[in-house]
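Observations on the three-dimensional arrangement
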Amino acid sequence: MIAVLLMLNRGRSRAERVRAWLVGTGAAVATFLVCTAVSLADFDDEGGSLTGLGLALLAVPVAALVHQANRLASATRERRLAALRLAGATPHDVRRLGALEGGLLTSGGSLAGGVLYVLTHLSGPLPQVPVVVALVTYGGVLSGARAGRHVVVSPLGVTRRARVRGPRVQDLLLLAAGVGLFVLGASLKGGFPLLGPYGSVVAMTAGLVMMLFGLTLATTWLIGASARRAGRRARSAESLLAARLVEADPRAWARALSVVSLTVFFGAGAGAQQAPVAYSHAHMLVDVALLVALVTSMVALVVHQAEELIDLRRSFAALAAAGVPERSLGRVLVRQAVIAALPVCVVAAVSGVAVVVLTLLDIYQVQWLGWAGARAVVMAGVGVLAAVLVALAARPLLRGALRLRARA
């Protein structure tokens, strides 16, 4: 099996090499964040524990990036796996090969992240490093085993286009439940009725995790509603086309923007928390982690943009052949980004401030809202700007897709 994997790696395309680099880098960042979060966990230090929890939750956007990167070269990878199936490989062999590839990529990245943590925390706790490395590697093995699931079912690649499930209002319930559980645990503090003295911490942690998944589901609903409204109010063909493209598949935009929304959410919440107290080393660490998450979110958007251009290559090429200028198609990409990112970032910023203010409602003062509001506006603007910059940077990808289609 190792020999087969080496043979496949020798013939990897550029997209597959980029995917491998992204998966390894994501595993390294996730390992470093989780190890740092564990080192900050201290039940006697509430501020340090919350900072550690924030760092641990920031590993979720990195995991989303790894999942998004795994989709980048899925077509090429599935063709090779299908060839192995037709040559006699069993479904178990395909799963094992995918698990081996995913495990090797994530193990290398997680080891690099563990080494970076050890070098930067020589005096800190180290026993958690091998545990975190093992967990991240195991996640990569599971992800790799699922990578070829379509080939296992149909090695000839016979597929049918399934109807894309649209957003549902029920998706908002998980977000509302997470916010309620977090506020309940924070307001009751030591008086939480379950799990004794640690009940409030467990409730707040569970609430944050539910909010993370709820935000992703609610993002689909929000993007779909924003695209429908933008389509009804469109004043140009470019705006109408951008709105309809977003409305056709809001879930794909939600996957990419979930990383951005989490970054904006934590950034706005951190600003609201910083308003009552002086800027400290813990706040600096959170801001550095937010910067890393912002870079991660931009990479996830780049991957999404590349995937979308591959899917829409034929449609864009038909428009170009009909006389639509390439510059107009580039503006469509930018307006797509604005339509999808603007409502998501605004809601995430408001939610981040609201969670902190509701938690500290008994001591929060009105004059602190100025700093919290300004930080929320900045974070929302940064999120939208990141999406627009990625769309502008995708012009060469658009040009290459149109040129490739013209040659075909």
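Scroll up to find the structure.
Below or above, wherever it landed, is the structure these notes cover. (Residues numbered from 1 in each chain as written. Predicted model: local features only at pLDDT ≥ 70, side-chain atom pairs only at ≥ 80, totals over all residues. Heavy atoms only, no water.)

**A short note on the overall build of the chain**
Secondary structure summary: the chain contains 16 helices and 0 strands in total. Out of the 408 residues belonging to the chain, those deemed buried represent 45%. In the chain, of all internal contacts separated by at least 6 residues, the share reaching a separation of at least 24 is 83%. (Helix = DSSP H or I, 4+ residues; strand = E, 2+ residues; numbered from the N terminus. Buried < 20%, exposed > 50% of the residue type's maximum accessible area, 1.4 Å probe, protein only. Contact = heavy atoms within 4.5 Å.)

**Section: helix H10 (residues 237–248)**
Taking 1.5 Å of rise per residue, 12 residues should cover 16 Å, and H10 covers 16 Å from first to last C-alpha, within 8% of that figure. All of the buried residues along H10 are Glu-238, Ser-239, Ala-242, Ala-243, Leu-245 and Val-246. Axial view of H10: buried residues confined to an arc of 165 degrees, hence all on one face. Across H10 from its buried face, at more than 90 degrees, point the exposed residues Ala-237 and Ala-248. (Expected span 1.5 Å × (residues − 1). Arc of directions from axis to C-beta.)

**So, a nonpolar patch on the surface**
Taken together, the side chains of Val-338, Leu-342, Val-346 and Val-350 define a hydrophobic patch exposed on the protein surface, amounting to about 300 Å² of accessible area. Relative to the elements of secondary structure, Val-346 occurs in helix H14 (residues 326–359). Classification of Val-346 as partly exposed rests on a relative accessible area of 40%. (Patch = residues over 30% accessible without salt bridge, like charges linked within 9 Å, V, L, I, M, F, W, Y side chains within 5 Å. Areas by Shrake-Rupley, 256 points an atom, 1.4 Å probe, with all protein chains shown as cover. Salt bridge = Lys/Arg side-chain N within 4 Å of Asp/Glu carboxyl O.)

**Brief notes about the environment of Gly-180**
Relative to the elements of secondary structure, Gly-180 occurs in helix H8 (residues 171–188). For Gly-180, a relative accessible area of 39% translates into the label partly exposed. Between the alpha carbons of Gly-180 and Met-204 there is a distance of 9.5 Å; along the sequence they are 24 residues apart.

**Some words on the nonpolar core**
Grouped together as the largest cluster of nonpolar side chains are 62 residues, with contacts concentrated most on Ile-223, Leu-257 and Phe-316. Looking at this core element by element, the count peaks at 16 residues for H14. In this view, Leu-257 contacts Ile-223, Leu-301, Ala-340, Ala-341 and Val-344; residues no more than four positions away in its chain are not counted. Within the second largest apolar cluster, 7 residues are counted, among which are Ala-27, Tyr-117, Val-129 and Val-132. (Core = buried A, V, L, I, M, F, W, Y, C linked by side-chain atoms within 4.5 Å.)

**A short note on the packing of H14 against helix H15 (residues 368–393)**
Between two packed helices, what matters for the description is the angle formed by their axes and the separation of those axes. At a minimum axis distance of 8 Å, the contact between H14 and H15 shows a crossing angle of 155 degrees. Comparing their axes, H15 and H14 come out roughly antiparallel. When you trace H14 past H15, the crossing you get is right-handed. Between H14 and H15, the contacting residues are Leu-333, Val-334, Ala-337, Val-338, Ala-341, Leu-342, Cys-345, Val-346, Ala-349, Val-353 and Val-357 on the first element and Leu-369, Ala-372, Ala-376, Ala-380, Gly-383, Val-384, Ala-387, Val-388, Ala-391 and Leu-392 on the second. For the contact of H14 with H15, the class distribution of residues is 20 nonpolar, 1 polar and no charged. (Axes fitted to C-alpha atoms, helices over the stretch in contact; angles between N-to-C directions. Parallel < 35°, antiparallel > 145°, perpendicular 65-115°, else oblique. Left-handed = near helix turned anticlockwise from the far one by under 90°. Nonpolar A, V, L, I, M, F, W, Y, C, P; charged D, E, K, R; others polar.)

**A few points about the pattern of salt bridges**
According to the stated counting rule, one finds 3 salt bridges in the structure shown. Here Arg-244 and Glu-247 are joined by a salt bridge, their closest N and O atoms 2.8 Å apart. One end of the pair, Arg-244, and the other, Glu-247, are both in helix H10, 3 residues apart, so they sit about a helical turn from each other. Taken together, the shared-partner salt bridges connect Glu-238, Arg-331 and Arg-335 into one network.

**Section: a positive patch on the surface**
Together, Arg-228, Arg-229, Arg-232, Arg-233 and Arg-235 make up a region of like positive charge exposed at the surface. Mapped onto the fold, Arg-232 is located in helix H9 (residues 199–232). (Lys, Arg positive; Asp, Glu negative; His and termini not counted. Charge placed at Lys NZ, Arg CZ, Asp CG, Glu CD.)

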